[in-house]
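# A closer look at the structure
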Amino acid sequence: MKNPIQLSPKDMINAYLLFFVIHGAQIGVGIQGFQRIIYKDAGHDAWISVLLAGIATHIVAFCMIKTLEIYGSNDLYGIQQDIFGKWIGNFLNAIYIAYCFVAFLSVLRNYIEVIQAWIFPSIGTWFLSATLLIIIIYAFTGGLRVIVGVSFFSIVLSLWILPMLIFPMKFSTVDSLLPILETNFSSILKGAQSMTFTIIGFEILNIIYPFIKDKKNVSKYTHMGLFATTTIYLAVMLVSITYYSEGKLLKTIWATLTLFSFISFPFMERFEFVAVCFWMLIILPNLCLYLWATYRGALRLVNISNTKFVWIFSILIFTASLLIQTRTQINTINTYFGKVAFYIIFVYPIFLFFIAILKKKFISKKEHKNEKA
């Protein structure tokens, strides 16, 4: 099945940029406080849960790539229409569009909460939401290459934050990691599943694949991006477990940001303020890519211009962000979204891969019989 939506040559990108897209899509608001959630399930073996979650992303990405290779220049939306037919395919497309919408809303609302909790407690949600949406609209209207450029600069300009982990390492105790594998394996697996909200984002590969020029290099750069993400999450988790006491980590909502709170320089006393503000650059790729993925799906269902779509999308997001006010509401959305995302991102692609292989074999057999006849 050919892609019914014409691809613009100006939107085509090189495969090496996938490293920045995948990595930029995965690192977002989740890294600010994922440690408490994983530690609650897996204890001081939480770093093993992070490692297992990282390995799972490589397995799922492998299935995604193989499915996409079967269809050549089609994305997930087109593949679902081809495999399941128009009606079921469009229903599944609508679910994926809803997923991208909620993912966007969750990232946006979580970041707004961090700004309000750490820097500007009295500033209105409406103001922060509107400001961020205007920036995202500007990037989106520039096209895919601009969004990929945002991902590139987001990573390059954020590299300086990682070495800041050296400061809390001075007060870390390695004994906190011992004994290894004290937690039962089912709890470790539960911790790995709890990483879902934090580590998702790489599923954007399903939508961006047709826009890659040299598709033979897709696998290499995708797995490089996933490896970089897993390495960072693992490093942050190890530092957090060895720095915080057990009781303190379970009570710290934003453990990563709190790690930065005691860092100070002669010219800068509150380093965490800089980190929170700079985090906007880190979440921009998340938001831009989810918005773009939602638009690509909407094109499969209705004929709509990108300008009209982005304003309708932004109004809906703006309204939804105002309805979510308390920490409990935000936490509830994160929890339920994480559970649904686990099946959409980690289970469904493997199922789709096997269905695509079976359909390919069935069509090949049918064509072979027709040739003989």
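Here, every reference points to the structure presented above.
Residues numbered from 1 in each chain as written. Predicted model: local features only at pLDDT ≥ 70, side-chain atom pairs only at ≥ 80, totals over all residues. Heavy atoms only, no water.

## Concerning the layout of surface pockets
Keep this limit in mind: Both cavities and pockets are sets of points on a 1 Å grid over the protein atoms alone; in a cavity a 1.4 Å probe fits but cannot get out, in a pocket the set is open with protein on both sides within 12 Å along at least five of seven lines, and lining residues sit with an atom within 4 Å of a point. Grid points are joined across faces, edges and corners, and a volume is the space filled by probe spheres set on the points. Strands are runs of DSSP state E lasting at least two residues, helices are runs of H or I lasting at least four, and both sets are numbered from the N terminus onward. All amino acids are sorted into three groups, where Ala, Val, Leu, Ile, Met, Phe, Trp, Tyr, Cys and Pro are nonpolar, Asp, Glu, Lys and Arg are charged, and the leftover types, Gly among them, are polar.
The volume enclosed by the largest pocket comes to roughly 590 Å³. If you go around the largest pocket, you meet 27 residues; those closest to its centre are I37, S194, F197, N334 and T335. Of all elements in the fold, only α2 (34-42), α5 (86-118), α9 (185-194), α10 (196-199) and α17 (327-372) reach the threshold of two or more residues within the lining of the largest pocket. For the lining of the largest pocket, the leading source of residues is α17, giving seven residues. Here the residues of the lining of the largest pocket are counted per class, giving eight nonpolar, twelve polar and seven charged. Put simply, the second largest pocket is a space of about 330 Å³. I27, S158, L162, I232 and I282 are the residues nearest the centre of the second largest pocket, which is lined by 17 residues in total. Grouping the constituent residues of the lining of the second largest pocket by class yields twelve nonpolar, five polar and no charged.

## Here we look at empty space enclosed by the protein
If you walk through the whole model with that rule in mind, you get two cavities of 30 Å³ or more. Taken together, the residues of the lining of the largest cavity break down into six nonpolar, five polar and no charged. Taken as a whole, the second largest cavity spans an internal volume of roughly 70 Å³. Contributing to the lining of the second largest cavity are M64, T67, L76, Y96, E203, N206, I344, I345, Y348, P349 and L352. Counting only elements with at least two residues in the lining of the second largest cavity, the list comes to α3 (46-71) and α17. Per-element accounting of the lining of the second largest cavity gives the leading share, five residues, to α17. Within the lining of the second largest cavity, the residues separate by chemical class into eight nonpolar, two polar and one charged.

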